[in-house]
Amino acid sequence: MLELSLPPLSSLQSAIPANFAFGGDTLNMSVYMSRLGTKVDYVTALGDDKSSDWLLQRWAAEGVECSHVIRCKDQVPGMYMIELDQYGERSFKYWRANSPASKMFDDATQAKRIFDTLNSFDTIFLSGISLAILKPDVRATLIEFLGEYRKGDGKVVFDCNHRPNLWNGPDEAMSCYTQMYQVTDIALPTFDDERALFGYQTPEQALEVILASGVSEVALKMGEKGCYYVDQGKVGFVPVKPVKVIDTTSAGDSFNAGYMSRRLVGGSVEEACRAGHRLASTVVQHRGAIIPIEAMPASQ
């Protein structure tokens, strides 16, 4: 999506300084993985307008493969606005109803082409937002496809990244996430999301339920505290060094990127957690979802 970011504003300001960029949870992760040297293909839908052209050009410049991006006639991409408070915490406003991405599986013929494309990859990552923007019947079809995809040795990676306003109530979201965890190999959730939706009292409780769904590997993000992980039944915790937080917009997405980039080259789960922390700790010290490339950590 197009990203419009606003810094903390005083009530006396008559002009609003704003910056346009791009973002979205799965896209942020794709860009950061590409910067870390991982080959990434992004599968989504855009319009046929100039802003969509600009988005594609920017993504390609970041090394993200865009040959599977669908262009929809007479459509425009979604947009969101980030408002920051003085502590670096963000709030979002979205304009993405009926966006091209939300309708990319609606046509059965097009959906089959997308599924054929996805079957050609070893690993698929998606988020709760990827699911929430779809119609319920289309969402169910996608989850069913992922179950079949895993039978062919494909690996599914999922971060619920819960956004309450995208769902028709918590019951719908809980039902969908429960089904999704049943077709997930690697789960990268955030404890605050899981606690707010499912009512978990402790990280251990969240891990127990997620693992019982059949997930084999989990990194449970705990914000500035660090993360718990489960690897082959072993539970561990990796703390994070404190930093000065400017903007938390892409903290989880960048953690996911560091984590998966390390795992895909054979790094251990613990090493992947440390790689995720290292990147996320850098990202939160800058404004916007995508930090300047020169600000990236020297080594992962």
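Predicted model only: the values in this text are computed from it and were never measured.

(A) Seen up close, the nonpolar core. The biggest cluster of nonpolar side chains holds 43 residues, and the ones touching the most others in it are Phe105, Leu131, Leu142, Leu146 and Met180. Aside from chain neighbours lying at most four places away, what touches Leu131 is Leu126, Arg139, Leu142, Ile143, Phe158, Trp167, Cys176 and Met180. Counting residues in hydrophobic clusters, the runner-up holds 41 residues, among them Met33, Leu46, Leu55 and Val69.

(B) Seen up close, the environment of Asp25. Turning to its location among the elements, Asp25 is positioned in helix α1 (residues 25–35). Given the relative accessible area of 12%, Asp25 is considered buried. It is 21 Å that separates the C-alpha atoms of Asp25 and Val240, two residues lying 215 residues apart in sequence. If near-sequence neighbours (up to four positions away) are discounted, Asp25 is found in contact with Ser127, Ile129, Asn161 and Asp253.

(C) Geometry of helix α2 (residues 50–61). For α2, which comprises 12 residues, the first-to-last C-alpha distance of 16 Å matches the rise-based estimate of 16 Å (1.5 Å per residue) to within 8%. Those residues of α2 lying buried are Ser52, Leu55, Leu56 and Trp59. Angularly, the buried residues of α2 cover 95° about the axis, an arc narrow enough to put them on a single face. Exposed and oriented more than 90 degrees from the buried face of α2 are Lys50, Gln57 and Ala61. Looking one or two residues beyond α2, the residue adopting positive phi is Gly63, at roughly 85°.

(D) The sheet that holds strand β9 (residues 186–187), seen in detail. Taken in spatial order, the 6 strands line up as β7-β8-β9-β10-β11-β12 in an open sheet, and their pairing is mixed. Each of the sheet's edge strands pairs with one partner strand only, and the pair in question is β7 (123–127) and β12 (234–239). Here helix α6 (residues 170–181) sits on the sheet in contact with β7, β8 (155–159) and β9, set at roughly 150° to β8.

(E) Seen up close, the packing of aromatic side chains. Using the criterion set out here, one finds 11 aromatic pairs in the structure. Note on Phe22 and Trp54: the rings are 6.4 Å apart at their centroids and 70° apart in plane angle, and the pair reads as edge-to-face. Here Phe22, found in strand β2 (residues 19–22), pairs with Trp54, found in helix α2; they are 32 residues apart in sequence, far enough to count as distant. Residue classification places Phe22 among the buried positions, given a relative accessible area of 3%. Summarising the aromatic geometry, the rings of Trp167 and Tyr177 are spaced 5.4 Å apart at their centres and angled 75° between planes, so their arrangement reads as edge-to-face. Of this pair, Trp167 sits in the loop between β8 and α6 while Tyr177 sits in helix α6, and the two are 10 residues apart along the sequence. Judged by relative accessible area, Trp167 falls into the buried class, the value being 7%.

(F) Quick peek at the environment of Asn165. Here Asn165 is to be found in the loop between β8 and α6. Residues Asn165 and Ala132, 33 residues apart in the sequence, show an inter-C-alpha distance of 9.4 Å.

(G) Seen up close, the pattern of salt bridges. Enumeration over the complete set of coordinates arrives at 12 salt bridges. For Asp53, the salt bridge goes to Arg71, with nearest N and O atoms at 2.7 Å. With Asp53 in helix α2 and Arg71 in strand β4 (residues 70–71), this pair connects stretches of sequence that are 18 residues apart. According to the relative accessible area criterion, Asp53 is partly exposed, its value standing at 27%.

Calculation notes
- Residues numbered from 1 in each chain as written.
- Predicted model: local features only at pLDDT ≥ 70, side-chain atom pairs only at ≥ 80, totals over all residues.
- Heavy atoms only, no water.
- Core = buried A, V, L, I, M, F, W, Y, C linked by side-chain atoms within 4.5 Å.
- Buried < 20%, exposed > 50% of the residue type's maximum accessible area, 1.4 Å probe, protein only.
- Contact = heavy atoms within 4.5 Å.
- Helix = DSSP H or I, 4+ residues; strand = E, 2+ residues; numbered from the N terminus.
- Expected span 1.5 Å × (residues − 1).
- Arc of directions from axis to C-beta.
- Pairing = 2+ DSSP bridges.
- Axes fitted to C-alpha atoms, helices over the stretch in contact; angles between N-to-C directions.
- Phe/Tyr/Trp six-rings, centres within 6.5 Å; stacked < 30°, edge-to-face > 60°.
- Salt bridge = Lys/Arg side-chain N within 4 Å of Asp/Glu carboxyl O.

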